Amino acid sequence: MTTHLWRPYTQMKHAAPPLEAVATKGTRIRLADGRELVDGIASWWTAVHGYNHPHIAEAVSRQLAAMPHVMFGGLTHAPAERLAARLAALLPGDLNHVFFSDSGSVAVEVALKMAAQYWLNRGIAGRTRVLAFRGGYHGDTMGAMSVCDPDEGMHRRFGAYLPEQIFCDLPCTADQTEALDAALARHRDTLAAVIVEPLVQGAGGMLMHPPEVLATIARLAARHGLPLIADEIFTGFGRTGTLFACEQAGIVPDILCLSKALTGGTMTLAATVARSGIFEAFWSDDPAAALMHGPTFMANPLACAAANASLDLFEQEPRLSQARAIGARLAAGLADLRGAPGVADVRVLGAIGCVQFAGAPDLAALKERLLARGVWVRPFGDILYLTPALTIAEADLDRLIAAVVETVRENR
Ligand code: PLP
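Keep in mind that what you see is a predicted model, and the values were worked out from it rather than measured.

Once that is clear, we can look at unusual backbone geometry. Excluding glycine, most residues fall at negative phi; most peptide bonds, likewise, are trans. Although it is not a glycine, Ala-42 sits at a positive phi angle of roughly 55°. The backbone of Trp-45 sits at a positive phi, close to 75°, despite the residue not being glycine. Mapped onto the elements of the fold, Trp-45 is located in helix H1 (residues 42–45). On the basis of relative accessible area, Trp-45 is assigned to the buried category, the value being 8%.

So, on to the environment of Ala-288. Topologically, Ala-288 is positioned in the loop between helix H10 (276–280) and helix H11 (301–316). Judged by its relative accessible area of 55%, Ala-288 falls in the exposed class. Considering only alpha carbons, one finds Ala-288 and Asn-121, 167 residues apart in sequence, at a separation of 8.7 Å.

Roughly 370 Å³ of volume is contained in the second largest pocket. Looking at the lining of the second largest pocket, the elements that each hand over two or more residues are strand E4 (95–101), strand E12 (270–275) and H10. With four residues, E4 is the largest single contributor of residues to the lining of the second largest pocket. Its residues placed into classes, the lining of the second largest pocket shows 13 nonpolar, four polar and no charged.

A few words now on the nonpolar core. It is characteristic of soluble globular proteins that their nonpolar side chains tend to be buried jointly. Counting 115 residues, the largest nonpolar core has Leu-87, Phe-100, Leu-131 and Phe-237 as the members making the most contacts within it. Broken down by element, the residue count for this core peaks at 10 residues, all from helix H4 (residues 104–121). Built from parts of two domains, this core gets at least three residues from each of domain 1 (56–316) and domain 2 (318–410).

On domain assignment, one finds that the protein chain holds domain 1 (56–316) and domain 2 (318–410). With 19 residues of domain 1 at the contact, the number on the domain 2 side is 19 residues. Both sides of the domain 1 and domain 2 interface together cover about 1,400 Å² of buried area, and 69% of this is carbon and sulfur. When the buried area of domain 1 at its contact with domain 2 is split by residue, Met-206, Met-208 and Arg-239 rank highest and sum to 45% of it.

A few words now on the pairing of strand E3 (residues 36–39). Direction of pairing for strand E2 (residues 28–31) relative to E3: antiparallel, over a ladder of three bridges. Residue Ile-29 lies in a different strand from E3, and its bridge partner there is Leu-37. Linking E2 back to E3 in an antiparallel pair, the connection comprises four residues, with Gly-34 at a positive phi of about 95°. Note: E3 against strand E15 (residues 375–376), two bridges, orientation parallel. Its bridge partner lying in E15, Asp-39 is registered against Trp-376.

Definitions and cut-offs
- Residues numbered from 1 in each chain as written.
- Predicted model: local features only at pLDDT ≥ 70, side-chain atom pairs only at ≥ 80, totals over all residues.
- Heavy atoms only, no water.
- Helix = DSSP H or I, 4+ residues; strand = E, 2+ residues; numbered from the N terminus.
- Buried < 20%, exposed > 50% of the residue type's maximum accessible area, 1.4 Å probe, protein only.
- 1 Å grid on protein atoms, 1.4 Å probe; cavity = no way out; pocket = protein on both sides within 12 Å on 5 of 7 lines; lining within 4 Å.
- Points joined across faces, edges and corners; volume = space filled by probe spheres on them.
- Nonpolar A, V, L, I, M, F, W, Y, C, P; charged D, E, K, R; others polar.
- Core = buried A, V, L, I, M, F, W, Y, C linked by side-chain atoms within 4.5 Å.
- Domains from an automatic or database assignment.
- Contact = heavy atoms within 4.5 Å.
- Buried area = accessible area lost by both parts, 1.4 Å probe.
- Pairing = 2+ DSSP bridges.

Written out as structure tokens, the structure is:
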């Protein structure tokens, strides 16, 4: 293996060498040494239809022959036009204005910039801060990092380099709701927006909250006149059992971020989608009121073709009922671990199953034991979780669940 690669979230000095993947198919990853692993993560939650879905592959190869890429400044193309129209039709309310970019973090940066400029364009200065929630994760670029959990998000380490935001607990109790209301009232004049991961804080540890909590956040943001940014980068496209998590709370955020499963996990693409009220603040005779953003590869035609093909699959195949069936199987399969020694919590939402340990587990040992059982599952922090492809066969899902149950029991 090359020594030239700098790997993600990895202490290069001590890390075990990564496994070499040579091929994927369905819900399996084949390694260079011939092993085949059942994938429990769907490549960081992207491959909702499994790997190498022929419908997406065909759409991408057709697009590759016609036009792999073209700049988006001054030009447009059918795959992007079609994708934007389809997203607008699928998203709730008047979330009709789609800005494409190339990764989840950038979609969040665009959302933050959109919210700040929304106020500037209306002639109101000084409203640039964002109220975010403890436990949240929104990406690794600087603006996105600044709205991640203040302890886990490395805020102290980067000091003044990160914009200073306001943090609250999710309003799960009456006290927390009151505290959020008070924080919004206190900081209102400096706040541009509120940002939340609807229903589940993924990278923060698969922390789940009921739809009423999300509805409370939307209500309080509206009461204080603040745009709500819903980061559906993890939750979008069926992961929570509905196409978008916001649907479960019946809310329409002002700005919504998508990425990850947008292309069915085939390639990188993201979207920041705004409601008409946000878009209208940029509609002006003043050129300076335009949204000043434009990633080189925005709306890449190959990625848009993959995303359109992925949406076809959501239309043609029963992905949402598959997600709910996975949830039921996860709930039944992991139930025995509830109350087991060393287990603090077991939770399931849509096609997400999570076991939380009572203390910090030995992650390296857990990973080894999972690998020995032929599954690709990556515990982090104090959790072990499954987010398989929504197309996973029952036998493969059962293998994942059994591997998790046995591994957790061994960890006592
Ligand atoms: N927002 C959420 C909710 C995420 O889960 C992630 C990635 O895990 C991001 C943003 C960042 O996306 P990306 O890694 O594509 O930059």
